[in-house]
Amino acid sequence: MNSRASAIPNVSVDNSPRVRSFQERIAALAERCLRLEIETWPKPGLVSHIDTGSHTDMDADMFRRSASVLRPYFAEMVGAGMRDESMSILRKIGLRAERAMLHATGGVNTHRGAIFGMGLLCAAVGLREGGHADSQTPLGLNVSRRWGKEILAGPRLPDSHGEMAGSRYGAGGARQEAAQGFPCVYQIGLPALHDAARLAPGNPEAVRVQACFALIAVLEDTNLLHRGGLDGLRFAQQAAQDFLDQGGVGHTDWLGRAEAIHQAFIERRLSPGGAADLLAMSLFVMELEEEVVL
Ligand SMILES: CC(C)(COP(=O)(O)OP(=O)(O)OC[C@H]1O[C@@H](n2cnc3c(N)ncnc32)[C@H](O[C@H]2O[C@H](COP(=O)(O)OP(=O)(O)OP(=O)(O)O)[C@@H](O)[C@H]2O)[C@@H]1O)[C@@H](O)C(=O)NCCC(=O)NCCS
Ligand SMILES: Nc1ncnc2[nH]cnc12
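Residues numbered from 1 in each chain as written. Chains lettered and ligands numbered in written order. Predicted model: local features only at pLDDT ≥ 70, side-chain atom pairs only at ≥ 80, totals over all residues. Heavy atoms only, no water.

**Student:** Explain the overall build of the protein chain to me, and be specific about the residues and the numbers.
**Tutor:** Broken down by element type, the protein chain carries twelve helices and zero strands. Tracing the protein chain from N to C terminus, the helices and strands come up as α-α-α-α-α-α-α-α-α-α-α-α. Against the globule reference of 19 Å for 294 residues, the protein chain gives a C-alpha radius of gyration of 18 Å, in line with a compact fold. Projected onto the principal axes, the alpha-carbon positions of the protein chain cover approximately 55 × 40 × 35 Å. Burial statistics for the protein chain: of 294 residues in total, 52% are counted as buried. (Helix = DSSP H or I, 4+ residues; strand = E, 2+ residues; numbered from the N terminus. Rg over C-alpha atoms; globule rule 2.2 N^0.38 Å. Buried < 20%, exposed > 50% of the residue type's maximum accessible area, 1.4 Å probe, protein only.)

**Student:** Quick one: what's the story with the environment of His132, residue by residue and with numbers?
**Tutor:** Within the fold, His132 resides in the loop between α4 (112-129) and α5 (139-153). Separated by 119 residues in sequence, His132 and His251 place their C-alpha atoms 45 Å apart. Contacts of His132, omitting those with residues within four sequence positions, involve Gly81, Met82, Arg83, Asp84 and Leu127. A polar contact is formed between the side chain of His132 and the backbone oxygen of Gly130, at a distance of 3.4 Å. (Contact = heavy atoms within 4.5 Å. Polar contact = N/O pair within 3.5 Å; in protein donor to acceptor, adjacent residues only side chain to side chain.)

**Student:** How would you sum up the confidence of the model for the protein chain? Please name residues and give values.
**Tutor:** Residues at a pLDDT of 70 or more form 93% of the protein chain, whose mean pLDDT is 93. Scored by ipTM, the complex comes to 0.95, with pTM at 0.94. (pLDDT = per-residue confidence, 0-100.)

**Student:** Run through the side chain of His55, naming residues and quoting values.
**Tutor:** Looking at the element boundaries, His55 is found in the loop between α1 (17-38) and α2 (60-82). Side-chain polar atoms of His55 contact the side chain of Asp57, separated by 3.2 Å. In terms of polar contacts, His55 uses its side chain to reach the side chain of Arg227, at 3.4 Å. Contact partners of His55, with chain neighbours within four places excluded, come to Gly45, Val47, Arg227 and Ser271.

**Student:** Which residues make up the nonpolar core, and what values go with them?
**Tutor:** With 88 residues, the main nonpolar core has Met118, Leu120, Cys122, Trp147, Phe182 and Phe284 as its most contacted residues. In contact with Phe284, other than residues within four places in its own chain, are Ile26, Leu29, Ala30, Cys33, Met118, Leu121, Cys122 and Val125. Counting seven residues, the second-largest nonpolar core is a separate cluster that includes Ile38, Val47, Met58 and Val108. (Core = buried A, V, L, I, M, F, W, Y, C linked by side-chain atoms within 4.5 Å.)

**Student:** Go over the environment of Ala276 with me, naming the residues and quoting the values.
**Tutor:** The residue Ala276 is located in helix α12 (residues 273-290) in this model. Note: C-alpha distance between Ala276 and Ser21 (255 residues apart in sequence) is 28 Å. Leaving out residues up to four positions away in the same chain, Ala276 has contacts with Glu37 and Leu46.

**Student:** Give me the lowdown on the site of ligand 1, citing residues and values where you can.
**Tutor:** The immediate surroundings of ligand 1 are formed by 36 residues, with Arg91, Ser160, His161, Thr222 and Asp277 found nearest. One of the side-chain N or O atoms of Glu98 is found 3.1 Å from a nitrogen atom in ligand 1. At 2.6 Å from an oxygen atom of ligand 1 is found a side-chain nitrogen or oxygen belonging to Asp277. For ligand 1, whose unbound accessible area comes to 1200 Å², protein coverage reaches 92%. Mapped onto the shell around ligand 1, the elements with two or more residues apiece are α3 (87-105), α4, α6 (161-169), α7 (173-179), α10 (222-245) and α12. Ranked by residues supplied to the shell around ligand 1, first place goes to α3 with six residues. A class-by-class count of the residues in the shell around ligand 1 yields eleven nonpolar, 15 polar and ten charged. (Near = heavy atom within 4 Å. Areas by Shrake-Rupley, 256 points an atom, 1.4 Å probe, with all protein chains shown as cover. Nonpolar A, V, L, I, M, F, W, Y, C, P; charged D, E, K, R; others polar.)

**Student:** Break down the site of ligand 2 for me, with residues and values.
**Tutor:** Around ligand 2 sit 13 residues in total, of which Glu37, Leu46, Val47, Ala276 and Asp277 are the nearest. The contact in question runs from a nitrogen atom of ligand 2 to an N or O atom on the side chain of Glu37, over 2.8 Å. The separation between a nitrogen atom of ligand 2 and a polar main-chain atom of Val47 is 2.9 Å. Protein chains bury 96% of the 260 Å² of accessible surface belonging to ligand 2 in isolation. Sorting the residues of the shell around ligand 2 by element identifies α1 and α12 as the ones contributing at least two each. With three residues, α12 is the largest single contributor of residues to the shell around ligand 2.

Shown next as structure tokens:
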């Protein structure tokens, strides 16, 4: 384990090379999935290697810096899962990760939701490795069973966009998604990745675009609610669903259609950051639970 782990009080830390390399391998995959999300275009309203979408405060390089600075914290999350730690310990790691992210981005929130969601999935991988969960139970279900209650009962940030969306629209946000075992990953993201592999064989970026649209069409994304209210969320969901109904990335002009929707989101300053995180998490789960090489 790296030196940060020793900062976690009252726990023995296994620093053996075998454990350390396992944690680092999983953390490297988490980082790679966050990077793959950025290297995907067009994702309606979202930042990619091509443009900054609906954002003037962040770009692809900032997201890449953010993803790499988070890697050691994902490794710590794996270690915490291996020790069957509580949500309060995971939260301490997450808050340190947020501070590191903000330092790397000059104060911009690139991956706060991803620290939470991907961090929990990393911790769930650790549960399995530490013998606290069987390898046949989906990672998301392990998150729900082990930490779901603590996630819902945990301290809230009263003025966060998510809390405001929750109180104003009744949105469950990232917590609800996690406490329920990431249903949008298993019921939307993963199936969309598999369907798209048939629609666009040999084009992994198109496959990721399809999964992003599938997630936007269904997810109650608090980023969309924060920026566009209920009208913004419904507009985004319908536009994404229309793209899928017209064949998705299987349509001959899928790129033109996807880019037009991307521009429509930009005109409305809509940015489905939650869907972006869940795309990265779907890639992570697919590689770990279905032995698919990204
Ligand atoms: C547990 C928290 C992370 C919850 O945070 P919050 O109270 O803010 O609640 P949410 O908004 O629900 O979630 C926060 C982020 O999660 C993503 N998200 C949104 N909707 C969903 C959803 N339905 N399911 C899953 N995930 C969702 C989204 O994150 C991404 O977007 C952000 C970047 O986009 P941007 O538009 O720039 O966002 P802003 O800067 O906020 O808006 P603008 O000003 O630009 O308009 C980025 O975060 C992406 O990751 C939501 O933003 C938190 O309360 C918490 O407690 N954290 C402490 C650490 C912790 O507990 N860690 C545990 C480690 S295991
Ligand atoms: N690519 C992206 N653009 C904007 N917000 C995001 N949150 C997570 N990934 C994002």
